[in-house]
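# An overview of the molecular structure
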Amino acid sequence: MDQGRVNTRNVIRISAIIAGILFITESLFRQRGDGSLLLTLLFWKSLVDGCIAFVAAAELSKGKWILPVKNALLSFYPMLFVLSVFFIFLLFQVDIYPWYSDGGVWFNKNFFGARNFIILLILYVAGRKFAIESRREGNRKNFYAVIFLFFFVVSQSMVAFDWVMPLEYPWYSTLFGGYHFVESLYSGIAVAAILCFIISRKAAGKNIQPVGRTLFDTATMLFGFSLLWAGLFYSQYLVIWYGNLPEEISFLVKRISLPYMRTLSYSILIELFAVPFLILLSRRVKSNPPLVFITALVVLTGIFTERLVYLLPAVSLDPLRLLIQFAGIGTISILIHKNKIINSSS
Amino acid sequence: MSQHFVFDEKNVFLNKLRELLKSGVPQKNISVITPYHVHEVDEILVSAPSKLRIFTFAGALLGGIAGFAFPIYTTLSWKINVGGKPVVSIPAFVIIAFELTILFGALATFFGFLLFSKLPVLKQIIDPVDYDKQFVILVKNGEK
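All figures in this text were calculated on a predicted structure; none of them were measured in a lab.

### What to know about the overall build of chain A
Counting secondary structure elements, chain A contains 13 helices and zero strands. Along its sequence from the N terminus, chain A presents helices and strands in the succession α-α-α-α-α-α-α-α-α-α-α-α-α. Relative to a compact globule of 346 residues, whose C-alpha radius of gyration would be 20 Å, chain A shows 20 Å and is just as compact. Over its C-alpha atoms, taken along the principal directions, chain A stretches across nearly 60 × 45 × 40 Å. Counting only residues that meet the buried cut, chain A has 51% of its 346 residues in that class. A fraction of 82% describes how many contacts in chain A between residues 6 or more apart in sequence connect residues 24 or more apart. Accessible area for chain A stands at about 15900 Å²; split by element, carbon and sulfur atoms hold 68% of it. Counting 31 positive and 18 negative side-chain charges, chain A places the centres of these two groups 12 Å from one another.

Following this line, the structure appears as structure tokens:
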């Protein structure tokens, strides 16, 4: 790991170049009504927010089991700012929303952009303060954790209610925001499990703090959250299914009537509940790093599939641009991660 | 021939237990009587995970299957159309299956626990000697 290659100025330069490339790709190659950037942002925002919220929740409950993987998880906090910048790119693409042609008081482009951007920036500031204070083990860490968690819930609920729900206008669901932020926390735990696996691979043979108990505890949390997710999903689904009201059922009908949509929807259930629940049931599996890693990957696939199922009936998607966006944001997050890890250990 | 060591203090008792294990006494010959549950004994005398888990799992599995099988059987016997829902409506039956899973799992655990503790026959678990507040290590000499 060459210190010069991953220093902060280089990371900023490379991130700016990637952002520029993405901006050019978006302005040149995007058709009207295409929602690929929305899909990318939904997925990455879930992951990044969930990582830091998971650490905040563990620190507030004085959990020592998260310490080996804490710095790795907290290193993603600059991504909160990167995602805010990419949200500005999304503001050029609001023609995916049905309110684009005739807006109102709440749904007009300026207010939509302003309120979401301000909440994202506040989330970044709170996340940054919490991450720095937590890394130093300062004594205001709990205060910043509470502030971050509050804005985490507000921001994730805004993502659900503002970015996703209007696509299906006039459908609404009051449970949508709560369900969304629990999914974000779930994906954060999956990222923690993946980081545990990576650390345990690197630690094999070297004298780095062992992650055995952390892996076990993270796998237990993943198992518990799969149950929690299934409960929340079911509570939303059953109400809509049982009532069978025309204004509510439009959301479900579009997503389970066509054969391929039906397959995708069932695969969400399998990836986010059946697989983690059944695999992580036994105690031996919870201490087995490769199996926990594979389960966490399946969970992240489930999160992505769910965002896909939200968007597919409503917007068009371009696989090539999706790939470019994912590669771009993934590269930036890996660079930021390496940069923060090196700076904290030096 | 068996030895028994009686202690009044927990730490002295634990140290003697560790010393006994280190000196090579096989673990199955050691049994311990304490006035309350001492956590450290679980870490020192490591035993295999309890077989009660099998009872819980079997009960829960049975509950899940019964929770689906029974409503499906009854709705297929007397088909009623409730508000346009299918006769065999899986989302509605999930609630019943979930509740029965928990119920049967809990009942199986309870009865398995009774079985493993050999309750309600008290004679097999009450020791005739009353040790009151003391910590006791009993070492059975297993050689014939």
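### Looking at helix α7 (residues 176-203) of chain A
Here α7(A) spans 40 Å end to end across 28 residues, near enough to the 40 Å set by a 1.5 Å rise per residue. Most of α7(A) is tucked away: 22 of the 28 residues are buried.

### Observations concerning the interface of chain B and chain A
Contact with chain B, which involves eight residues of that partner, is made by seven residues of chain A. Taken together, both faces of the contact between chain B and chain A bury some 700 Å²; the carbon and sulfur share is 75%. Applying the counting criterion to the chain B and chain A interface returns zero salt bridges. Here chain B and chain A share two residue pairs in polar contact (both at pLDDT 80 or more) between them. Sorting elements by how many residues they give to the side of chain B that touches chain A places helix α4 (residues 90-116) of chain B first, with four residues. Across the side of chain B that touches chain A, the residue classes tally to six nonpolar, one polar and one charged.

### Regarding the packing of α7(A) against helix α8 (residues 212-243) of chain A
Residue and element names in this part refer to chain A. In contact at an axis separation of 9 Å, α7 and α8 are set at 160° when each is read in the N-to-C sense. As judged from the angle between their axes, α7 and α8 are roughly antiparallel. As α7 packs across α8, the resulting crossing turns out to be left-handed. From α7, F176, Y179, V182, E183, L185, Y186, I189, A190, A192, A193 and C196 reach across to α8, where they touch T214, L215, T218, M221, L222, F225, S226, L228, W229, L232, F233 and Q236. For the contact of α7 with α8, the class distribution of residues is 18 nonpolar, four polar and one charged.

### Considerations on the environment of S2(B)
Along the chain, the position of S2(B) falls in strand β1 (residues 2-7). Between the C-alpha atom of S2(B) and that of K22(B), which follows or precedes it by 20 residues, the distance is 18 Å.

### Some words on the nonpolar core
In terms of nonpolar packing, the biggest core is built from 107 residues, with L38(A), L73(A), F86(A), Y97(A), F148(A) and W163(A) touching the most fellow members. Contact partners of F148(A), with chain neighbours within four places excluded, come to D49(A), I52(A), A53(A), A56(A), L80(A), L123(A), A126(A) and G127(A). Core analysis: the next-biggest nonpolar cluster, separate from the first, contains 15 residues, F7(B), V41(B), I44(B) and F135(B) among them.

### Examining the environment of D8(B)
Residue and element names in this part refer to chain B. Following the sequence through the fold, D8 ends up in the loop between β1 and α1 (10-22). A relative accessible area of 61% means that D8 is categorised as exposed. On a C-alpha basis, the gap between D8 and F135 in space is 6.1 Å, while along the polypeptide they are 127 residues apart. The contacts of D8, once residues within four sequence positions are left out, are Q134 and F135.

### So, the side chain of T25(A)
Among the structural elements, T25(A) can be located in helix α1 (residues 8-29). Not counting residues within four places of it along the chain, the set of residues in contact with T25(A) comprises R30(A), R321(A) and I324(A).

### A closer look at unusual backbone geometry
Residue and element names in this part refer to chain A. Residues Y169 and P170 are joined by a peptide bond in cis, for which omega reads 5°. Relative to the helices and strands, P170 resides in the loop between α6 (141-164) and α7. Positive phi values are uncommon outside glycine, yet K62 reaches one of about 55°. Counting through the fold element by element, K62 comes out in the loop between α2 (36-60) and α3 (67-74).

### Considering the sheet that holds strand β2 (residues 30-33) of chain B
Residue and element names in this part refer to chain B. One open sheet accounts for three strands, arranged β1-β3-β2; its pairing is antiparallel. Where the open sheet ends on each side, the last strands, each with one partner, are β1 and β2. The average undirected angle you get between the axes of adjacent strands in this sheet is 15°. The sheet contact formed by β2 and strand β3 (residues 135-140) spans four bridges and is antiparallel. Residue pairing in the sheet places S31 in a bridge with L138 of β3.

### Thoughts on the domain arrangement of chain B
As assigned here, chain B comprises domain 1 (3-49 + 124-142) and domain 2 (52-116). Between the C-alpha centres of domain 1 of chain B and domain 2 of chain B there is a distance of 43 Å.

### With respect to the pattern of salt bridges
All names here are of chain A. In the structure shown here, the tally under the stated rule is 15 salt bridges over all chains. As a salt-bridge pair, E133 and R136 come within 2.9 Å of each other at their nearest N and O atoms. Owing to a relative accessible area of 58%, R136 belongs among the exposed residues under this scheme. A salt bridge links E183 to R307, with the shortest nitrogen-to-oxygen separation between them at 2.9 Å. Taken together, the residues E183 in helix α7 and R307 in helix α12 (residues 289-311) connect sequence positions 124 residues apart. Using a relative accessible area of 0% as the deciding quantity, one classes E183 as buried. For R307, a relative accessible area of 0% corresponds to the buried category.

Conventions and cut-offs
- Residues numbered from 1 in each chain as written.
- Chains lettered and ligands numbered in written order.
- Predicted model: local features only at pLDDT ≥ 70, side-chain atom pairs only at ≥ 80, totals over all residues.
- Heavy atoms only, no water.
- Helix = DSSP H or I, 4+ residues; strand = E, 2+ residues; numbered from the N terminus.
- Rg over C-alpha atoms; globule rule 2.2 N^0.38 Å.
- Buried < 20%, exposed > 50% of the residue type's maximum accessible area, 1.4 Å probe, protein only.
- Contact = heavy atoms within 4.5 Å.
- Areas by Shrake-Rupley, 256 points an atom, 1.4 Å probe, with all protein chains shown as cover.
- Lys, Arg positive; Asp, Glu negative; His and termini not counted.
- Charge placed at Lys NZ, Arg CZ, Asp CG, Glu CD.
- Expected span 1.5 Å × (residues − 1).
- Buried area = accessible area lost by both parts, 1.4 Å probe.
- Salt bridge = Lys/Arg side-chain N within 4 Å of Asp/Glu carboxyl O.
- Polar contact = N/O pair within 3.5 Å; in protein donor to acceptor, adjacent residues only side chain to side chain.
- Nonpolar A, V, L, I, M, F, W, Y, C, P; charged D, E, K, R; others polar.
- Axes fitted to C-alpha atoms, helices over the stretch in contact; angles between N-to-C directions.
- Parallel < 35°, antiparallel > 145°, perpendicular 65-115°, else oblique.
- Left-handed = near helix turned anticlockwise from the far one by under 90°.
- Core = buried A, V, L, I, M, F, W, Y, C linked by side-chain atoms within 4.5 Å.
- Pairing = 2+ DSSP bridges.
- Domains from an automatic or database assignment.

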